[in-house]
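Residues per chain, in single letters:
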Amino acid sequence: PRPWEDPAATPFVRVEGVTKRFGSFTAVQDVSLDIYRGELFCLLGGSGCGKSTLLRMLAGFEDVSAGRVIIDGRDQTGVPPYLRDTNMMFQSYALFPHLSVEKNIAYGLRREGLPRAEIATRVTDMLSLVQMQGFAARRPHQLSGGQRQRVALARALVKRPKLLLLDEPLGALDRKLREETQLELIKIQQSLGITFIVVTHDQEEAMTLSTRLGVMTEGRIVQTGTPHEIYEFPRSRFVADFIGSVNLFDGRIAVDGTDSATIACPGAGMDIHISHSVAGTVGQAVTVAIRPEKIEMLASPSGTRPNAVEGRVEEVAYMGNLSVYHVRLDSGMIVRVNMSNRSRYDDDVPRPGASVVLEWDGSAGVVLEG
Ligand code: ATP
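Predicted model only: the values in this text are computed from it and were never measured. (Residues numbered from 1 in each chain as written. Predicted model: local features only at pLDDT ≥ 70, side-chain atom pairs only at ≥ 80, totals over all residues.)

(A) Molecular detail of the overall build of the protein. Secondary structure summary: the protein contains eight helices and 20 strands in total. The principal-axis extent of the C-alpha atoms belonging to the protein is close to 75 × 50 × 40 Å. Split into buried and exposed, the 370 residues of the protein put 36% on the buried side. By sequence separation, contacts in the protein at least 24 residues apart represent 63% of the contacts at least 6 residues apart. (Helix = DSSP H or I, 4+ residues; strand = E, 2+ residues; numbered from the N terminus. Buried ≥ 20, exposed ≤ 12 C-beta atoms within 10 Å, placed from the backbone. Contact = placed C-beta atoms within 7 Å.)

This is the structure:
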């Protein structure tokens, strides 16, 4: 079993009821979290949600106002950063501008007074790990943003910390380089077996990198899970909406059977059928969340799905691999539908003004508390 599903597994990092106050402002509120050895765990949230503050408390750069931080079985609360088995990677700007790449990487080991030969071997290993062998003598200003980022990573890893904390490690990179570097980061993390905790505000990045992620808002972690769990089984409107795009249908539970349910959604002018029972009572306000790629768009009803509703295409956004359709239902509600562009020719695709039928299965909708 995966460690977080194994009740016998011991967490490597345990955050227990951690709170951080700055004066009367609470930046992190009663966060509890277990992270296991070898995980690449992402803290994901919008600007100001407290993710950097939480990371800094794990590193010891920030004191906790309440709660405990336990790393590898030892209570680290109040222990200064240099006495923790952790290292933190800041953005590339933290490189020393007057030192070569090699000396930047070696810096921490020299301070520890390691033998020269040992330092040289470890620096060489790190340079090859981040594929920067030919750049040892360069200064940071002679490197691209992506190369600087890799040097920063090498510098953080060379001390072989048990835990590496990374604050927006790929933040300075453009999209293409960022995507490539994400895959490299995963490879490096897996080859070293070091536990990574990564702060990011980029949900696609969190989805790509994570073994698990914690979604944060207003100082709290609102859901923790694998990328798949978070995307397919969000537990709140906030998480459903924050990760990817989603259609939210407000309604009330009309029928709750043993293996099916019906949600009356007057705003959409329809009843949504769900192929499982829901937690709640008849009449209770709920929201049905449906991802745009789970909806089928047809010219006429197939008669094979429990959910079907008519509408008219209002807008189409061509994205290359897929097209995003905005379909206005008769009720006035706009539904977003993603259709992958399987054909190279666009003769067949619905255009603005076209009458269409939207259909989805009973398993497509996630029922959230209203
Ligand atoms: P971003 O992605 O914008 O960096 P974040 O989620 O990392 O956001 P934090 O840096 O953790 O956010 O900050 C959380 C909140 O705490 C913010 O409202 C911030 O203004 C506040 N805060 C952070 N550090 C301090 C401080 N030293 N004194 C007062 N308030 C602070």
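After that view, the rundown keeps rolling.
(B) Just the nonpolar core, in detail. Residues Leu 58, Ala 154, Leu 165, Ile 197, Ile 263 and Val 288 are the most contacted members of the largest nonpolar core, which totals 92 residues. If you tally residues by element for this core, the top one is helix H4 (residues 145–157), at six residues. When we break this core down by domain, the ones giving at least three residues each are domain 1 (3–241) and domain 2 (245–369). When neighbours within four sequence positions are excluded, Ile 197 is seen to be in contact with Ile 35, Phe 41, Leu 43, Leu 55, Leu 58 and Leu 165. (Core = buried A, V, L, I, M, F, W, Y, C linked by C-beta atoms within 7 Å. Domains from an automatic or database assignment.)

(C) Structural context of unusual backbone geometry. The phi angle at Asp 30 is positive, at roughly 50°, despite the residue not being glycine. As for its position among the elements, Asp 30 is in strand S2 (residues 25–35). Positioned with a positive phi, Arg 160 is a non-glycine residue whose angle comes to about 50°. Tracing the backbone shows Arg 160 in the loop between H4 and strand S7 (163–167). Residue Arg 160 is classed as exposed on the basis of its 12 C-beta neighbours within 10 Å.

(D) Quick peek at the domain arrangement of the protein. Examined at the domain level, the protein breaks down into domain 1 (3–241) and domain 2 (245–369). In this complex, domain 1 contributes six residues to the contact, which on the side of domain 2 involves six residues.

(E) Summary view of the site of the ligand. By nearness alone, every residue bordering the ligand is listed as Phe 22, Phe 25, Ala 27, Gly 45, Ser 47, Gly 48, Cys 49, Gly 50, Lys 51, Ser 52, Thr 53 and His 201. Residue assignment for the shell around the ligand shows that the elements contributing at least two residues are S2 and helix H1 (51–59). Sorting elements by how many residues they give to the shell around the ligand places H1 first, with three residues. Grouping the constituent residues of the shell around the ligand by class yields four nonpolar, seven polar and one charged. (Near = placed C-beta within 6 Å. Nonpolar A, V, L, I, M, F, W, Y, C, P; charged D, E, K, R; others polar.)

(F) Expanded view of helix H2 (residues 101–112). For H2, every residue scored as buried is listed here: Val 101, Glu 102, Asn 104, Ile 105, Ala 106 and Leu 109. In this structure, the buried residues of H2 make contact with helix H3 (116–129) and H4. Looking one or two residues beyond H2, the residue adopting positive phi is Gly 113, at roughly 75°.

(G) Fine view of the packing of H2 against H3. Packing of H2 against H3 leaves a shortest axis separation of 10 Å and a crossing angle of 135°. By the angle between their axes, H2 is oblique relative to H3. When the axes of H2 and H3 are compared, the crossing they make is right-handed. Here Glu 102, Ile 105, Ala 106, Leu 109 and Arg 110 of H2 lie close against H3, whose contacting residues are Ile 119, Arg 122, Val 123 and Met 126. Considering only residue class, the contact of H2 with H3 consists of six nonpolar, no polar and three charged. (Axes fitted to C-alpha atoms, helices over the stretch in contact; angles between N-to-C directions. Parallel < 35°, antiparallel > 145°, perpendicular 65-115°, else oblique. Left-handed = near helix turned anticlockwise from the far one by under 90°.)

(H) Structural detail: the pairing of strand S1 (residues 13–22). Across five bridges, the pairing between S1 and strand S4 (residues 66–71) is antiparallel. From the neighbouring strand, Val 13 faces S4, where its bridge partner is Ile 71. Sheet topology note: the S1/S2 ladder contains seven bridges and is antiparallel. Bridge pairing in S2 links Val 13 to Ile 35. Hairpin remark: S1 followed by S2, antiparallel, with two residues in the connecting loop; positive phi at Gly 23, about 60°. (Pairing = 2+ DSSP bridges.)

(I) Spotlight on the sheet that holds strand S12 (residues 261–265). The antiparallel open sheet is built from five strands, whose spatial order is S13-S12-S11-S14-S20. Every other strand in the sheet has two partners, leaving strand S13 (270–274) and strand S20 (366–369) as the edge strands with one partner each. Strand-to-strand, the axes of this sheet are offset by a mean angle of 40°, without reference to chain direction.

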